[in-house]
Amino acid sequence: MLTKILLFAFCLLNLSGFHPQSTAKNATTITVWHWMTDRQPAFQELAKRYLALTGIKVNFELYAPSDAYSQKVRAAAQGFNLPDIFGILGEKRDFASFIKAGHILDLTPYMDANLGQWRNSFFAKALAVNEFAAGNTYGIKVGVYAAPIDVMTIQMLYNKDLFRQLGLNPDHPPQDFSELLDIGKKIKAEHLQGLVSGWGEIWMIDCLANNYAFNIMGKDKVLATIRGEVPYTDVDWIRVFSLFRDMQESGVLAGGIVTMVNKTAEQLFANGKAVFAFNGSWCVNVYKGMNPSLNYGAFLPPEASDKFPMSIWGGAGSSFMVNARSKNKEEAVKFLKWLTDKDQEAYLAEATNNLPANKESVKKISPVLAEFASVMDASTHPNVWGVSEFSAVIEAFDKGIQSIIIGEKTPEQVAAEVQKIKERELAKRH
Amino acid sequence: MRIKDTLENYIFVLPAVIIFAIFYIIPFIWVFQLSFFEWDGILPTKIFVGLGNFREILADKIWWQSMWQAGYITLIALTFQNALAFLLAWACDREIRMKNFYRVIFFIPPVLSEVVVGLVWQWILDGNYGLLNNWLVHLGLPDLVHNWLSDPRTALTTVAIVHCWKGFGWGFLIFLAGLQTIPRELYEAARVDGANAWDSFRKITIPLMIPVAVLVAILTILGTMQAFVLIIAMTGGGPAYHTQVPVLRILASMRGSSRFGYACAQGISFGIILVAISFIQYRFSKRARQYQ
């Protein structure tokens, strides 16, 4: 009987993977979790170079798609088994929660060492996304909590060949909103597809809507709305909602955009089947892979008002954090410093066609990518605003715009619904 | 000796009990516990809100809309999908040519990945370059060309039909197994007594298939109410909220809003509704057996 039990226990321990050797960890191995499928070969190449340089092994572990990656990071945080270096996909409040839970190392002392050498190597906008400024509403100590790997901007793109087909000047993208609507009418008449974007995934609707909100009412009023001081039923917000109705009615928007995922939008634009796209700078690499001969250009969303400048979303595209509980945190910081140094950043930019976060690395980038880089000054991002809108409000806002596009609701109705949810959420917090 | 035997038996059952407890009982208790808290899934602290999450669910219009929409897809599955499954099973149970071939063909959709099926159908139904619209134009029906998945009037029904296509094979298989258990002598005796095919179908096949139909109905309701992968792949729950179903709302609460407590409360509420439906079905099937 005893033999049977011992045998059974032995089998069970083997099946469960218990192995004395497996608990021994190599102190010089740094593990990095990320979600960036297109960057994995370049990361692995850099890991090889780092091993040759320092003798420290770096494991880049890819977990895709990004939704699955996010869940993995959250689950690992709960189990206190996050890797040495990782990234967070989510809102600034999620970032803040990770810091409050003690999962993220404050990189400020490292950034500021040697007269701020590391800090000064980045574009200010790239670093801002990873910073918590004084008086932030999240209650986080002032500091920098992640190192940006690359930067991105999200703007409009147009197909130059289709522009020619429409009788338009291929070097003159629309300069204002009425010009965009006029092109929409031509697109409709020619039975072409207009603007494609991943509006089925909704956050990109939020992005364009906020671009126009900044343009129509300015940053202060947008932030006042988030703080609950200005209602969404304000005339300026109704104007923002109305722009989507106008785009739909003029023919600017491609059919089925409300359920379109960004991958489909990228395929349509890359294959020359859509006149416009609304996409981030990562698309340069994507389009190159899909159709290297695609003839296109980038431009800021055409202004709907001359009161305030157009502001697009931009800043850090992807960032890495160091696990504050990692035994290798000092080694991890050293590796991050090396990874974001100009040579490595230049290699990443060249290999992956993404904009480097290190300002000294912007040398050899393609003309289209340079167009994305040139508008960095006009960029903003919700993660630098210091306040976050409630998730329920963001969902109602974006779904409401979908309802306007499909002709189900008016801008006024959507504004009223969003405001109702805003008031409900504010009431919950007071 | 008897105690030793009993102990030995328990020791061998123990691993299964431990695995069951780790993967089913403990998570269920945690989910139940979390439903009374407000928690973002990251912070170590949770705020106790009592029945607040459940009260919020009662007032959550989108949640109830998603429930109604899941009910609508289920209704189509119960009628269209199961009727199709039964008719095809009945046809394959008869002496027709290539019946084994059909049996294999009809069972292919259920074994395919839901994501793949969703993406393929999305491609077929695409409003701009989809095959369906292309065929409609070639068939001289350009007026029917449509953005099937982006139009709120057609999105839910289109998703429901694709769900039926994907799921009818299970019903087909169970119905076929049920039909094969009906003794052939009953049909022969009926024929001798002068019954025609319709009489045999009405008086023999249908009554004897009632318990099987109830089983298929229970499985259809439980499976369809929880459908979401196909919907994510086809519409992502849009346009607006028109193809949202309860599981998508739970995911949205958890991933989109980082409200783990509310998501757990939604899960518990949804589970209670499904258990209630299953109980009603069970009572119904008991009656059907008594009738038989």
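From a predicted model like this one, the values you see are computed outputs, not experimental measurements. (Residues numbered from 1 in each chain as written. Chains lettered and ligands numbered in written order. Predicted model: local features only at pLDDT ≥ 70, side-chain atom pairs only at ≥ 80, totals over all residues.)

### Quick look at the overall build of chain A
Thought 1: Counting its regular elements, chain A contains 17 helices and twelve strands.
Thought 2: The C-alpha atoms of chain A give a radius of gyration of 24 Å, which matches the 22 Å a tight globule of 430 residues would have.
Thought 3: Evaluated residue by residue, chain A yields a buried proportion of 46% over its 430 residues.
Thought 4: When contacts within chain A are restricted to residue pairs at least 6 apart in sequence, those whose partners lie at least 24 apart make up 76%. (Helix = DSSP H or I, 4+ residues; strand = E, 2+ residues; numbered from the N terminus. Rg over C-alpha atoms; globule rule 2.2 N^0.38 Å. Buried ≥ 20, exposed ≤ 12 C-beta atoms within 10 Å, placed from the backbone. Contact = placed C-beta atoms within 7 Å.)

### Description of the domain arrangement of chain A
All names here are of chain A.
Thought 1: Domain annotation for chain A reports domain 1 (11–150 + 315–365) and domain 2 (153–314 + 387–429).
Thought 2: Counting from both sides, the interface comprises twelve residues of domain 1 and, opposite them, eight residues of domain 2.
Thought 3: Elements supplying a minimum of two residues to the side of domain 1 that touches domain 2: α4 (92–100) and β10 (312–322).
Thought 4: Partitioning the side of domain 1 that touches domain 2 into residue classes produces one nonpolar, six polar and five charged. (Domains from an automatic or database assignment. Nonpolar A, V, L, I, M, F, W, Y, C, P; charged D, E, K, R; others polar.)

### Section: the environment of I216(A)
Thought 1: Summarising the element assignment, I216(A) is placed in helix α9 (residues 203–226).
Thought 2: Distance from I216(A) to D236(A), taken between C-alpha atoms, is 6.6 Å for residues 20 residues apart in sequence.

### Quick look at the nonpolar core
Thought 1: Core analysis: the biggest nonpolar cluster contains 128 residues, and L107(A), L195(A), V196(A), I257(A), A277(A) and L336(A) have the highest contact counts within it.
Thought 2: The element best represented in this core is α9(A), accounting for ten residues.
Thought 3: In this structure, L336(A) is in contact with I85(A), A147(A), F320(A) and V322(A), ignoring residues within four places of it in sequence.
Thought 4: By size, the runner-up hydrophobic cluster in this structure holds 50 residues, among which are C92(B), V117(B), V247(B) and L248(B). (Core = buried A, V, L, I, M, F, W, Y, C linked by C-beta atoms within 7 Å.)

### Here we look at unusual backbone geometry
Residues and elements named next belong to chain A.
Thought 1: Across the junction of A64 and P65, the peptide omega takes the value 0°, indicating a cis bond.
Thought 2: Within the secondary structure layout, P65 lies in the loop between β2 (57–62) and α3 (66–78).
Thought 3: In this structure, F80 is a non-glycine residue whose phi angle is positive, near 55°.
Thought 4: Tracing the backbone through its elements, the reader meets F80 in the loop between α3 and β3 (85–86).

### A closer look at helix α17 (residues 411–429) of chain A
All names here are of chain A.
Thought 1: With 19 residues, α17 should reach 27 Å at 1.5 Å per residue; the first-to-last C-alpha distance of 27 Å fits that figure.
Thought 2: Along α17, the positions that sit buried rather than exposed are P411, V414, A415, V418 and K422. Across the axial projection of α17, the buried residues extend over an arc of 100°, all falling on one side. Residues of α17 that are exposed and point over 90 degrees away from its buried face: E412 and A427. (Expected span 1.5 Å × (residues − 1). Arc of directions from axis to C-beta.)

### With respect to the interface of chain B and chain A
Thought 1: Taken residue by residue, the interface counts 25 residues in chain B and 28 residues in chain A.
Thought 2: Those elements giving two or more residues to the side of chain B that touches chain A turn out to be α1 (2–34) and α12 (246–256) of chain B.
Thought 3: Partitioning the side of chain B that touches chain A into residue classes produces ten nonpolar, eleven polar and four charged.

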